[in-house]
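For reference, the chains in residue letters:
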There are 2 protein chains.
Amino acid sequence: MQQADLLIFPEWLFTAHPSENSPYGECHSDYGVAVKDGQIVAIAPSNEIKAQWQSDNSETHPGKILLPGFVNTHCHSAMTLLRGIANDLPLMEWLEGHIWPAEGTHVNKQFVYDGTLLAAAEMLRCGTTCFNDMYFFPEATLKAGLQAGMRTSAGIIAIDFPSAYAQSPREYLDKGLDTLSRYKDKPNAKMMLAPHAPYTVGDELFAEIAALSTEHDLGIHVHLHETAFEVASAVDQNGKRPFQRLLDLGVLNSKTLAVHMTQLTDDEIQQCSDLGVNVAHCPESNLKLASGFSPTTALTRAGANVCIGTDGAASNNDLDILSELRSASLLAKAQSQDATALNAAQTLQMATYNGAKAIGWEDKTGSLHLGKSADMQLIDLNRLETQPCYDPVAQVVYSASRDQITDVWCRGEALMRDRTLKTLNEAELLATANAWHEKIRA
Amino acid sequence: MQQADLLIFPEWLFTAHPSENSPYGECHSDYGVAVKDGQIVAIAPSNEIKAQWQSDNSETHPGKILLPGFVNTHCHSAMTLLRGIANDLPLMEWLEGHIWPAEGTHVNKQFVYDGTLLAAAEMLRCGTTCFNDMYFFPEATLKAGLQAGMRTSAGIIAIDFPSAYAQSPREYLDKGLDTLSRYKDKPNAKMMLAPHAPYTVGDELFAEIAALSTEHDLGIHVHLHETAFEVASAVDQNGKRPFQRLLDLGVLNSKTLAVHMTQLTDDEIQQCSDLGVNVAHCPESNLKLASGFSPTTALTRAGANVCIGTDGAASNNDLDILSELRSASLLAKAQSQDATALNAAQTLQMATYNGAKAIGWEDKTGSLHLGKSADMQLIDLNRLETQPCYDPVAQVVYSASRDQITDVWCRGEALMRDRTLKTLNEAELLATANAWHEKIRA
């Protein structure tokens, strides 16, 4: 008998890992998982696990399904402190009249740290173990994310305009690279280059980003083709669509995560597949800001890697990736007029395995697979809202809500047990949120 | 001092009742509500309530918002027992290969009673106090809904095809009218004529329905223009769009609730407004079955009464009207390319006041208003997912989830307190759901 740190026997288990039988992952009944030193050391039928492994911590979970932790591939975590500050407004009025003034007045290192901690709590409570962020003061993002125990990928933010964080493109990059040097060896930390968007970053800065990506082997996280207006203005200004411009500047390749992508020609869809450009789909943000519909059915059928992001809570207005992936599936069906588009398993894989791949962390997370990190969540399907249960995977995608997520682990560490956060203090977070609320609305 | 049965002082209160100041309803802080004999007998600033009313049951709810109970204007409650039995399939394959065979084998009075009880529990847990149903054995629907303590509007189902419930159009109508005669004086009961759809109901039956509607002063609940295929086939067959056919047959007027309506010309939109035809929008069902997008922004701007339904849990796969109304708002914005479409207050009003109006129950329910029934819910916004809270109405629509609904009353009777159902037994319902699951999947 071998000794494990933890044995889990859920009623069902969904791997999200591509296999010969099932490209989107397999759903097993009566399976178990053994965890040791933060890793999945066995995943097999329960009787095999029980024959080979023993542990002081052996748990059986009838009625629950074990999944990989969700990977939220696009958020601005700290903006949680601005959740719902302005709604039902056109994008530019929302940005110029509300968000930018609030950010201009309030954003500093403490804001980012406090906002990210609140965001981390919300994300853990909806099964997310890994997030990829883009915001000012990424060091504060990393500090908060690591304190929560989550896999945290922070952006080396780069933008042509000054902010409270940095005054020049050079300073943005230098500060980000300095943060990278201090965090790169921490197992839960990661960074991507994060040029904000084609309309806020000039050619020179994009070329520098492309060079840094090669030099440091860093991914690139960028907003792209969010709205028809963005594309039309760029064509007016440069004679090129932003996709083509970034392609010409060497920014679009398999290390790139392009966010939103609501406006794509058939050629651009094919190029995403050919070049391996990863697409972060944020359906609820695109809907709420009336940005458009990303052609996710066409992208996935062309072979592109599509993953899910929540965007910031200021636009959306939450970080609930379970709701977001449901919206992604439902929307794809209606938009492509094909009810078979983005089926339940495929959608769960988008929010897990595909997300890990998109940010270059697929060797560690995103699926329940031998040798990967034990980044996992349990969802209780034995609730009135998810009974009867003919198909547990469909039930997770189409019927479950975030409160049914009971337990979350990252690298084998329990971050939530029975809805109670283990690394964060809810009462303190609520008090901090309230203090910021008083300050910001003043 | 006057004596009330219940005094409630929430942190905020949203009326959903049109007023001179605010067509979609008003949100007040520091207000209270007095309830007596099931009715709202006062709604005013807290200090005024406290000066005039006393009660042994006086409750203060910091951090919570009081809303009218939701009105789910379109569901097939009993189909909850088939929740998730088939997914990600085209409509006809889903119906012919899965739903109709399961219904053919299993639907009987007990199925409808058990399924509706399960549905009622799910609906209460998401703040719904009133539902409008269409299914076989409506007497069983009424029995279950009334047992749950909910306002129950059951359909006098009519269809040209035989079923376990009735063999002929005449038998459908006779059975429904018999049920009506036995339930019409019960305060929580109501019926609407429910011809299934233009493609399952012939001209003769529709004409009879129109006559019965006048004779008994009954509303008409009908699926209409669900898909482009439905409209195109009808045009092929009758040379008319179903909307025009029903108009010619005298079925479309202010007592009609037309469900789905994804395919509408500008003329038809204007006619809905001119004739007062009520539209039940079921966004998540339309998405999941790839049926299309109902033009809700155009309908509401034309002045039509648009309300919200969940459709059955077999297609959707839940009865979560809070999620449904969020989808309605988000979808309207993207579809009309206008982020100001269906704002938060307007969307809450669609799921409450407009729903009550659509089924002819606006004198009793759908808003917090003097003299109306005390059909109410409390939503706890003091959660990590809804903090900070700059705008409680936006927070309900864009950030809250069903588990934040803590308490529900109908006609002043507490149906849920602190998430515990008072009229239904959750453990028994889960056991019943499980028994049906074993039987159906066999």
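Basis of the calculations
Residues numbered from 1 in each chain as written. Chains lettered and ligands numbered in written order. Predicted model: local features only at pLDDT ≥ 70, side-chain atom pairs only at ≥ 80, totals over all residues. Heavy atoms only, no water. Helix = DSSP H or I, 4+ residues; strand = E, 2+ residues; numbered from the N terminus. Rg over C-alpha atoms; globule rule 2.2 N^0.38 Å. Buried < 20%, exposed > 50% of the residue type's maximum accessible area, 1.4 Å probe, protein only. Areas by Shrake-Rupley, 256 points an atom, 1.4 Å probe, with all protein chains shown as cover. Lys, Arg positive; Asp, Glu negative; His and termini not counted. Charge placed at Lys NZ, Arg CZ, Asp CG, Glu CD. Least-squares fit on C-alpha atoms with pLDDT ≥ 70 in both. Contact = heavy atoms within 4.5 Å. Core = buried A, V, L, I, M, F, W, Y, C linked by side-chain atoms within 4.5 Å. Domains from an automatic or database assignment. Buried area = accessible area lost by both parts, 1.4 Å probe. Salt bridge = Lys/Arg side-chain N within 4 Å of Asp/Glu carboxyl O. Polar contact = N/O pair within 3.5 Å; in protein donor to acceptor, adjacent residues only side chain to side chain. Phe/Tyr/Trp six-rings, centres within 6.5 Å; stacked < 30°, edge-to-face > 60°. Lys NZ or Arg CZ within 6 Å of the ring centre and 35° of its normal. Expected span 1.5 Å × (residues − 1). Pairing = 2+ DSSP bridges. Nonpolar A, V, L, I, M, F, W, Y, C, P; charged D, E, K, R; others polar. Arc of directions from axis to C-beta. Axes fitted to C-alpha atoms, helices over the stretch in contact; angles between N-to-C directions. Parallel < 35°, antiparallel > 145°, perpendicular 65-115°, else oblique.

S.K.: How would you explain the overall build of chain A if you had to name every residue and give the values?
M.R.: In terms of helices and strands, chain A carries 17 helices and 19 strands. Relative to the globule expectation of 22 Å for 442 residues, the C-alpha radius of gyration of chain A, 21 Å, shows essentially globular dimensions. In terms of principal-axis extent, the alpha carbons of chain A reach across some 65 × 45 × 45 Å. Across the 442 residues that make up chain A, the buried fraction comes to 66%. Accessible area for chain A stands at about 14,600 Å²; split by element, carbon and sulfur atoms hold 47% of it. For chain A, the distance from the average position of its 33 positive side-chain charges to the average position of its 54 negative side-chain charges is 4 Å.

S.K.: I'd like a rundown of the relation of the copies chain A and chain B, residues and numbers included.
M.R.: Aligned on chain B, chain A shows an RMSD of 0.0 Å; the corresponding rotation is 180 degrees and the shift along the axis is 0.0 Å. Overall, the copies show the geometry of a two-fold rotation axis. When each C-alpha of chain A is compared by its distance to the rotation axis, D403 of chain A comes out closest, at 3.3 Å. In this assembly the copies share their binding face: 100% of the residues contributing to the interface of chain A also contribute to that of chain B.

S.K.: Could you give me a rundown of the nonpolar core, with the residues and numbers involved?
M.R.: In this structure, F111 of chain A together with F111 of chain B are the most contacted members of the largest nonpolar core, which totals 249 residues. Ignoring anything within four residues of it in the chain, the contact list for F111 of chain B reads A78, L81, L82, H106, Y135, W436 and I440 of chain B.

S.K.: Can you break down the domain arrangement of chain A residue by residue, with the values?
M.R.: Residue and element names in this part refer to chain A. Its domain assignment divides chain A into domain 1 (2-68 + 373-411) and domain 2 (70-110 + 131-358). Domain 1 and domain 2 are separated by 30 Å when their C-alpha centres are compared. The interface of domain 1 with domain 2 comprises 24 residues on the first partner and 23 residues on the second. The junction of domain 1 with domain 2 conceals about 1,900 Å² of combined surface from both sides, 62% of it contributed by carbon and sulfur atoms. For domain 1, the biggest contributors to the area lost against domain 2 are Y24, V397 and Y398; these three give 34% of the whole. Linking domain 1 to domain 2 there are two salt bridges. Ionic pairing is found between R151 and D375, a salt bridge with its closest N-O pair at 2.6 Å. Our enumeration of links across domain 1 and domain 2 arrives at nine residue pairs in polar contact (both at pLDDT 80 or more). Sorting the residues of the side of domain 1 that touches domain 2 by element identifies β7 (58-68), α16 (392-398) and β17 (405-410) as the ones contributing at least two each.

S.K.: Could you give an account of the packing of aromatic side chains, naming the residues involved and the relevant values?
M.R.: Both the distance between ring centres and the angle between the ring planes are used here to describe each pair of aromatic rings. Residue and element names in this part refer to chain A. Applying the stated criterion across every chain yields a total of nine aromatic pairs over all chains. Joined through ring pairs, the aromatic side chains of F137, Y165 and Y172 make up one cluster. Positioned above the aromatic ring of Y183 is the side chain of K186, whose terminal nitrogen or guanidinium carbon lies 5.7 Å from the ring centre.

S.K.: Provide a residue-level description of helix α13 (residues 321-336) of chain B, including the pertinent values.
M.R.: All names here are of chain B. Along its 16 residues, α13 runs 22 Å from first to last C-alpha, staying within 8% of the 22 Å computed at 1.5 Å per residue. Burial runs high along α13: 14 of the 16 residues are buried. Where α13 begins, one side-chain oxygen reaches toward the backbone nitrogen of L322, 3.1 Å away; that side chain belongs to D320. Of the residues one or two after α13, Q337 is the one with positive phi, at around 50 degrees.

S.K.: Any details on the pattern of salt bridges? Residues and values, ideally.
M.R.: Charged atoms that come close allow side chains of opposite charge to pair. Applying the stated criterion across every chain yields a total of 46 salt bridges over all chains. K64 of chain A is the salt-bridge partner of D407 of chain A, the closest N and O atoms lying 3.9 Å from each other. With D407 of chain A in strand β17 and K64 of chain A in strand β7, this residue pair connects regions lying 343 residues apart in the sequence. Here D407 of chain A falls in the buried class, since its relative accessible area comes to 3%. Linking D320 of chain B and R402 of chain B is a salt bridge whose minimum nitrogen-to-oxygen distance equals 3.8 Å. Taken together, the positions of D320 of chain B in the loop between α12 (313-316) and α13 and R402 of chain B in the loop between α16 (392-398) and β17 (405-410) put the pair 82 residues apart, joining distant regions of the chain. Across the pair, exposure class does not vary: D320 of chain B and R402 of chain B are buried alike. It is possible to trace a salt-bridge network through shared partners that takes in E59, K64, D407 and R417 of chain A.

S.K.: Before we move on, can you summarise the pairing of strand β16 (residues 376-380) of chain A with the specific residues and values?
M.R.: Residue and element names in this part refer to chain A. Of all five residues making up β16, five are buried, and the element is well covered by its neighbours. Here β16 shows two buried faces, one formed by M376, L378 and D380 and the other by Q377 and I379. Pairing geometry for β16 and β17, over four bridges, is antiparallel. Following the sheet pairing, I379 is matched in β17 by I405.

S.K.: I'd like a description of the interface of chain A and chain B, backed by residues and values.
M.R.: With 66 residues of chain A at the interface, the matching set in chain B holds 67 residues. Surface buried jointly by chain A and chain B totals about 5,100 Å² across both partners, of which 60% is contributed by carbon and sulfur atoms. The largest contributions to the chain A side of the interface with chain B come from L384, E385 and Y390 of chain A, which together make up 17% of the buried area. Taken together, the connections running from chain A to chain B amount to six salt bridges. Inspection of the region where chain A meets chain B yields 27 residue pairs in polar contact (both at pLDDT 80 or more). At the level of elements, α3 (109-124), α10 (283-288), α13 (321-335), α16 and α17 (426-441) of chain A are the ones that each hand at least two residues to the side of chain A that touches chain B. It is α17 of chain A that provides the largest number of residues to the side of chain A that touches chain B, a total of eight residues. Residues of the side of chain A that touches chain B, tallied by class, amount to 30 nonpolar, 18 polar and 18 charged.

S.K.: Could you give an account of α17 of chain A, with specific residues and numbers?
M.R.: All names here are of chain A. With 16 residues, α17 extends 22 Å from end C-alpha to end C-alpha; this agrees with the ideal 22 Å at 1.5 Å per step. Buried within α17 are the following residues: L429, L430, A433, W436, H437 and I440. End-on, the buried residues of α17 take up no more than an arc of 125 degrees, which puts them together on one face. Structural note: α17 exposes A427 and E428 on the side pointing more than 90 degrees away from its buried face. As for α17, its buried residues are in contact with α2 (91-106) and α3. Between a side-chain oxygen at the N-terminus of α17 and the backbone nitrogen of A427 the separation is 3.0 Å; the capping residue is N425.

S.K.: Please provide a residue-by-residue account of the packing of helix α4 (residues 138-148) of chain A against helix α5 (residues 169-183) of chain A, values included.
M.R.: Residues and elements named next belong to chain A. At a closest axis distance of 10 Å, the pairing of α4 and α5 adopts a crossing angle of 30 degrees. When the axes of α4 and α5 are compared, the pair comes out roughly parallel. Residues E139, L142, K143 and L146 of α4 form the contact with α5, whose participating residues are T179, R182 and Y183. Of the residues in the contact of α4 with α5, the class split is three nonpolar, one polar and three charged.

S.K.: Can you lay out the side chain of R419 of chain A for me, pointing to particular residues and giving the numbers?
M.R.: Its place among the elements puts R419 of chain A in the loop between β18 (413-417) and β19 (420-421). One buried charged residue, R419 of chain A, forms no salt bridge at all, with the nearest opposite charge on E385 of chain B at 4.4 Å. Within the local environment of R419 of chain A, its side chain forms a polar contact with the backbone oxygen of I405 of chain A, the two atoms lying 2.9 Å apart. Dropping the residues within four chain positions of it, R419 of chain A is found in contact with R125, R402, D403, I405, T406 and E426 of chain A together with E385 of chain B.

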